[in-house]
Amino acid sequence: MPAHTADMTTPGGLLLVLAVLVPVLGLLAGLVVGGRQARSVVLLTIALGLAIALAVAREVLFRSNPLAYVLGGWAPPLGIILQADGLSAAMMLAAAVVVAGIAVYAGGNFGTARGEPESRRSLSFWLLLLAVWGGLNLVFVTRDLFTGYVALEMLTFAAVPLVCLDGSGETIRAALRYLLFALLGSMLYLLGVFLLYGTYGTVDMALLAARAGPGLTTMAAIALLTLGLLAKTALFPLHLWLPPAHSGAPPAASAILSGLVVKGSWFLVVRVWLDVFPGVVPVSAAQLLAACGAAAILAGNVVALRQQRLKLLVAYSTVAQIGYLFVMFPLAAGLAGLGLDAAPARSAGLLQAMSHALAKAAMFMAAGLIYKSVGHDRIAELAGCARAMPLTVLTFALAGIALMGLPPSGAYVAKKLFFDAAAASGQEWLEFVLNAGAFLTASYTILVLAHALRPVGGRLLLKAPPSRAGELSALVLALASLLLGFVATGMIPHASLSGAFTLAGLAAALVVLAVGAVVAAALGLQLPPVAGGSALAGLLGPLRRLTVAAGVLVVRVDGGLRHWPVASITLLVLVLGFAAAIVNGH
Amino acid sequence: MDATTLFGLCAAVLVGLGLYGLVVNPQPLRKLIAFNIIGNGIFMICAVIARRGAAAGFGGDPVPQALLITAIVVAFAASALAVATLLRLHEETGSTSIAPEAPADAGRGSGGH
């Protein structure tokens, strides 16, 4: 935590206010001008917002000047302060890039052509995109827990209608389930905030960090805050709402939900655990958080591998990738506990989040293009796809590579930093989890590609060619995620990153792909026919039956956990579990 | 037992009742009412905190009251959104169940080899 610079608005601090205000103003303007012009207003707003995010990043990341703005000149504890440190600035930039990419992509789906009547669906999409962005920016710059609550609610209220833009019964059901579970999370979070106010007389993060000590109320409050946020992030086993919501939404909306919305509540967990209560939460509690993350990585990926539909596969891979975001907590706590610098683990977590935001949005966009052009997204019937729409399939592959964490992606650099931190703090089990996650991610990417690359007699007839702007914007996001590693190695001074991109890294990448192919063959739902495959299948049949049985078991367990009573009782049990872990750690 | 303890206990009972309803009741409208009961319990805790802080000599600590009124507005907006979604769900499907729809493929298709 940097020294508290309360009651001081820094030069350039106004940028933070604008970052929140510009999307909201754009939203209001869009509402006034209506459906036909809304898109132009939104594009203008996004250009402005992108410039603001770049300006903030230039100040904070390249000149190392944290920005601050004291609203109305009232300093905390009475007033509200907005601040941007490296974490906020980087996330703001990533969010702005993803929003811009999605806006270009969505032109094809939500544009209103000349002579076409205005539709509520497209107007809603454009306005909700800005609402999500404004809410996210507020989460990134806020420095008090209560404003965080309001910002998260803004985010949820914008995300829920995005789920059911199509208006079918199934998507409305998914949206309602999401909303109700998120509201349960909000209430737990709010209770935690009030308990902290009752104990310390402030909800300002810096003041809380200075005043907080171990105490039963504080520990209960941390457990409540955390679980409230986890319910909104859909960390396994609290993911009941995510797969139907993220797979049912229109692809552009799914990209927003998977790429951006879940990062908002995760960001507040980072603030609470690493900035506000770093001395209060013990390593064992952080390990519990990472254990949920590990379960998410393993279960989410296995269930993804057992899906028939591409969009559900991508949604389940989001469940897994949310798990990756929680690996950083025990590493940061472990390093800090040993008196080492926790910054590398923190940077790695941030890098992981940015990399996933970009790659996940790209992957959903590619899946959406495939769905729209082919007319379905059944994985087993994608043969000929790669020939008919090579750019889209290439984007899917690149996004998959970025998610696996192969060089030079941002996730690769993050993984290297994680491995280092795990070795330094004696938590090697996390290395195992990260490696297993990479193998599994590789396996379903390979499975999809194996189907898409299969030739068909003649040429696959597309219902409509994919829109060029859509393909290019998805490709740009996937490439940005891949190339993030280069930028990051330049900016994070760390010994283990020198020589990150060597032949050894390439060899390791090939190992990941090879193991991924084996896993796909062992666990995949429908395998593409391969020449000589039947002889091999006869040989390895019994083995595959065993692995498939294990996979089916994971799918069953996942199905059980996604029932409302089970999920909400799990949530309450986890509150107690975290409280016990925190109390026990002292 | 002084007034703040009594109100604190009432708040705890409300939160407990609400949680029970939210977990057990399958009907979304009842879940929503349960959410509001939890909310009222939590708001009452906030009011108790405001009252307790008043020991400093004010009539009441104004900050929790400001937080409280904001939280009430947000919770009201949430309820409105949920009711609107619920009405739409009923219009669209004729039912208000939010149980996971019989899975078209995800769960059942898992047996395929």
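Moving on, we get to the overall build of chain A. Secondary structure assignment for chain A yields 22 helices and two strands. Over its C-alpha trace chain A gives a radius of gyration of 23 Å, about what one expects of a compact globule, namely 25 Å for 586 residues. Each principal axis of the C-alpha atoms in chain A carries an extent, and together these give about 70 × 60 × 50 Å. Expressed as a percentage of the 586 residues in chain A, the buried residues total 62%. Look at the contacts in chain A between residues 6 or more apart in sequence, and 82% of them connect residues 24 or more apart. As presented, chain A carries roughly 19,600 Å² of accessible surface, and 69% of it is formed by carbon and sulfur atoms. Looking at chain A, you have 32 positive and 19 negative side-chain charges, and the mean spots of the two groups are 12 Å apart.

This paragraph deals with the pattern of salt bridges. All names here are of chain A. Summed over all chains, the structure comprises 13 salt bridges over all chains. A salt bridge links Lys 232 to Glu 153; the shortest N-O distance between them is 2.4 Å. Linking Lys 232 in helix H8 (residues 216-233) with Glu 153 in helix H5 (residues 145-163), this pair joins segments that are 79 residues apart in sequence. The same class applies to Lys 232 and to Glu 153, which are both buried. Overlapping salt bridges bring together Asp 85, Arg 143, Arg 271, Asp 275 and Arg 346 as one network.

This next bit is on the packing of H5 of chain A against H8 of chain A. How two helices pack is summed up by the angle between their axes together with the distance between the axes. Residues and elements named next belong to chain A. The N-to-C vectors of H5 and H8 enclose an angle of 20°; their axes lie 12 Å apart at closest approach. As judged from the angle between their axes, H5 and H8 are roughly parallel. The two elements H5 and H8 meet at a crossing, and its hand is left-handed. Residues Leu 145, Leu 152, Glu 153 and Thr 156 of H5 form the contact with H8, whose participating residues are Leu 225, Leu 229 and Lys 232.

Caution is warranted with low-pLDDT regions, since their predicted coordinates should not be read in detail. Residues and elements named next belong to chain A. Considering every residue of chain A, the mean pLDDT works out to 87; 94% of them sit at 70 or more. For chain A, helix H21 (residues 533-561) is the element with the lowest average pLDDT, namely 79, and H5 is the one with the highest, namely 94. A low-confidence stretch, residues 1-6 (pLDDT under 50), is modelled with nine contacts involving residues beyond four sequence positions or located in other chains.

It is worth spelling out the packing of helix H17 (residues 410-424) of chain A against helix H18 (residues 429-453) of chain A at this point. All names here are of chain A. One way to put it is that H17 packs onto H18 with a least axis distance of 10 Å and a crossing angle of 155°. On the basis of their axis angle, the class for H17 and H18 is roughly antiparallel. Taken together, the residues of H18 that come into contact with H17 (itself represented by Lys 415, Phe 418, Phe 419, Ala 422 and Ala 423) are Glu 431, Leu 434, Asn 435 and Ala 438. Of the residues that constitute the contact of H17 with H18, the class distribution is six nonpolar, one polar and two charged.

As a further point, take the interface of chain A and chain B. Much of the literature gives interface size as the accessible area that the parts lose upon coming together. Facing 43 residues of chain A, the contacting portion of chain B comprises 46 residues. Carbon and sulfur atoms make up 77% of the surface buried where chain A meets chain B, a total of about 4,100 Å² over both sides. It is Arg 173, Met 187 and Phe 194 of chain A in chain A that bury the most area against chain B; as a group they hold 17% of the surface buried on that side. At the surface where chain A touches chain B, the tally comes to zero salt bridges. On inspection of chain A and its partner chain B, the count reaches five residue pairs in polar contact (both at pLDDT 80 or more). For the side of chain A that touches chain B, the residue count by class is 28 nonpolar, seven polar and eight charged.

This brings us to a nonpolar patch on the surface. Residues and elements named next belong to chain B. Together, Val 13, Leu 17, Leu 29, Ile 33, Ile 37, Val 83 and Leu 87 make up an exposed nonpolar region whose accessible area comes to about 610 Å². Looking at the nonpolar patch, the elements with two or more residues in it are helix H1 (3-24), helix H2 (28-53) and helix H3 (62-93). Looking at which element gives the most residues to the nonpolar patch, the answer is H2, with three residues. Relative to the helices and strands, Ile 37 is located in helix H2. Overall, the relative accessible area of 30% leaves Ile 37 in the partly exposed class.

As a further point, take helix H19 (residues 468-491) of chain A. Residue and element names in this part refer to chain A. Relative to the 34 Å expected for 24 residues at 1.5 Å per residue, H19 spans 34 Å between its end C-alpha atoms, a close match to the ideal helical length. The sharpest bend along H19 reaches about 35° and sits at Leu 483. Within H19, burial applies to Gly 470, Glu 471, Ser 473, Ala 474, Leu 475, Leu 477, Ala 478, Ser 481, Leu 482, Leu 484, Gly 485 and Ala 488.

With 26 residues, helix H10 (residues 251-276) of chain A should cover 38 Å at 1.5 Å per step; its first-to-last C-alpha distance of 36 Å lies within 8% of that length. Where burial is concerned, most of H10 of chain A is hidden: 26 out of the 26 residues are buried.

Rules behind the numbers
Here the residue index of a chain counts from 1 through its sequence in written order. Here every chain gets a letter starting at A, and every ligand a number starting at 1, in the order they are written. Local features in a predicted model are, by the rule used here, given only for residues with pLDDT of at least 70; side-chain atom pairs are given and counted only at 80 or more, and totals for whole chains, interfaces and linings are based on all residues. Side-chain figures throughout are based on the complete set of non-hydrogen atoms in the structure, without hydrogens or water. Secondary structure counts use DSSP, requiring at least four H or I residues in a row for a helix and at least two E residues in a row for a strand, with both numbered from the N terminus. A radius of gyration in this sense is built from C-alpha atoms; the matching globule rule multiplies 2.2 Å by the number of residues raised to 0.38. Note on classification: 1.4 Å probe, protein chains only; a residue is buried when its accessible area is under 20% of the maximum for its type, exposed when over 50%, partly exposed between these limits. Should any heavy atoms of two residues lie within 4.5 Å, those residues are considered in contact. With residues, only the protein chains shown are counted as cover, and all accessible areas are computed by Shrake-Rupley using a 1.4 Å probe. Think of it this way: Lys and Arg go in the positive column, Asp and Glu in the negative one, and His and the chain ends go nowhere. Taken as the charge location is NZ of Lys, CZ of Arg, CG of Asp or CD of Glu. Salt bridges are defined by distance alone: a side-chain nitrogen of Lys or Arg within 4 Å of a carboxyl oxygen of Asp or Glu. Lines fitted to C-alpha atoms define the axes here, with helix axes fitted over just the stretch in contact, and angles between the N-to-C directions of these axes take values from 0 to 180 degrees. Roughly parallel means an angle under 35 degrees; roughly antiparallel, over 145; roughly perpendicular, 65 to 115; everything else is oblique. Throughout, a crossing is termed right-handed when the near helix is turned clockwise from the far one, and left-handed when it is turned anticlockwise from it by less than a right angle. pLDDT is a residue-level measure of predictor confidence that goes from 0 to 100. Residue polarity is assigned by list, with Asp, Glu, Lys and Arg as charged and Ala, Val, Leu, Ile, Met, Phe, Trp, Tyr, Cys and Pro as nonpolar; anything else, Gly included, falls into the polar class. By definition, the buried area sums, over both parts, the 1.4 Å-probe accessible area that each loses when the two are put together. A 3.5 Å cut-off defines polar contacts: any pair of N or O atoms within that distance qualifies, except that in protein one atom must be a possible hydrogen donor and the other a possible acceptor, and neighbouring residues in sequence count only when both atoms are side-chain atoms. Every patch collects residues that have over 30% relative accessible area and no salt bridge, joining them within 9 Å if they carry like charges and within 5 Å if they are nonpolar side chains (Val, Leu, Ile, Met, Phe, Trp, Tyr). The span one expects for a helix is its residue count, reduced by one, times 1.5 Å. To get the bend at a given residue, fit one axis to the seven residues ending there, fit another to the seven starting there, and take the angle between those axes.

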